[in-house]
Amino acid sequence: MKFYLFLSVFLYSGLIFSQNFEIEGKITDPDGSPLGSATVYLEKQTDSSLVTYTISKENGTFQLSGNSKAPKLNLFVSYAGFKPYFTQIEPKDKDLGTLVMEVQDNELGEITLTAERAP
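I will try to describe carefully the structure that is included in this document. The residue numbers shown here count from 1 along each chain, following its written sequence. Totals for whole chains, interfaces and linings use all residues, but because this is a predicted model, local features are given only for residues with pLDDT of at least 70 and pairs of side-chain atoms are given and counted only at 80 or more. Each side-chain value is derived from all of the structure's non-hydrogen atoms; neither hydrogens nor water enter the calculation.

The subject of this paragraph is the environment of Ile55. A run of H or I in DSSP counts as a helix once it spans at least four residues, and a run of E counts as a strand once it spans at least two, with each numbered from the N terminus. Take Ile55: it is sitting in strand E3 (residues 50-55). Taking the C-alpha atoms as reference, Ile55 lies 9.8 Å from Ser78; in sequence the two are 23 residues apart. Any two residues having at least one pair of non-hydrogen atoms within 4.5 Å are treated as being in contact. If we ignore the near neighbours within four places in the chain, the residues touching Ile55 are Ser37, Ala38 and Thr39.

Spelled out as structure tokens, the structure:
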């Protein structure tokens, strides 16, 4: 019985030190149009392990919730055709406001081919 009591107190103490958080924001393109279905995720700085992730709604809003003991986390946002967005945040309740994604330049460099005719 003492073992179970010790085990429950030990497991409960681990939950006390983790921080519950809720982070929200909105993702738009440079023109202000909302970007739905963008991937938003948080990972730990120390080992790049995933903490939580979500997909933005059709109106561009997202909400991340979870818990972590880490003092800082990396926030990543990705969307096809746009440069990935990255920032470091502290895991606490906050509103990130509007995150504006930059268009990714997909131009290729110039290539010149020179060949000689076969004899």
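Picking up where we left off.
Turning next to the packing of aromatic side chains. The way to describe two aromatic rings as a pair is by their centre distance and the angle between their planes. In this scheme Phe, Tyr and Trp rings, the latter by its six-membered ring, pair at centre separations within 6.5 Å, and the angle between planes marks the pair as stacked below 30 degrees, edge-to-face above 60, and tilted otherwise. All told, the structure shown has 3 aromatic pairs when counted by the stated rule. Ring centres 5.2 Å apart and planes at 20 degrees place the aromatic pair Tyr41 and Phe76 in the stacked group. One end of the pair, Tyr41, is in strand E2 (residues 39-44); the other, Phe76, is in strand E5 (residues 73-78), and 35 residues separate them in sequence. Both rings, one in Tyr79 and one in Phe82, keep their centres 5.6 Å apart while their planes meet at 55 degrees; by these two values the pair is tilted. On the accessibility criterion, Phe82 (13% relative accessible area) is buried. Grouped by ring-pair contacts, the aromatic residues Tyr41, Phe76 and Phe86 constitute a single cluster. Relative accessibility thresholds used throughout: buried, under 20% of the residue-type maximum; exposed, over 50%; partly exposed, between the two (1.4 Å probe, protein chains only).

Further remarks concern a negative patch on the surface. Think of a patch as exposed residues, more than 30% relative accessible area, with no salt bridge, where like charges cluster within 9 Å and nonpolar side chains (Val, Leu, Ile, Met, Phe, Trp, Tyr) cluster within 5 Å. Reported accessibility uses the Shrake-Rupley method at a 1.4 Å probe radius. Residues are deemed covered only where the shown protein chains occlude them. What counts as a salt bridge is simple: a side-chain nitrogen of Lys or Arg found within 4 Å of a carboxyl oxygen of Asp or Glu. Here Asp and Glu are counted as negative and Lys and Arg as positive; His is not counted, and neither are the chain ends. Charge placement uses NZ in Lys and CZ in Arg. For Asp and Glu, CG and CD serve respectively. Together, Glu22, Glu24, Asp93 and Asp95 make up a negatively charged patch on the protein surface. Note on placement: Asp93 falls in the loop between strand E6 (85-89) and strand E7 (94-100).

For the rest of this paragraph, the subject is the sheet that holds strand E4 (residues 61-68). Should DSSP find at least two bridges between two strands, the strands are taken to pair. The strand order across the open sheet built from 3 strands is E4-E1-E7, with neighbouring strands paired in mixed fashion. Each end of this open sheet is capped by a strand with a single partner; those strands are E4 and E7. Strand-to-strand twist of the sheet, defined as the mean angle between neighbouring strand axes without regard to direction, takes the value 25 degrees. Sheet topology note: the strand E1 (residues 19-28)/E4 ladder contains 8 bridges and is antiparallel. Residue pairing across strands places Lys26 opposite Thr61, the latter belonging to E4. Note on method: axes are straight lines fitted to C-alpha atoms, helices fitted across the in-contact stretch only, with angles between N-to-C directions ranging 0 to 180 degrees.

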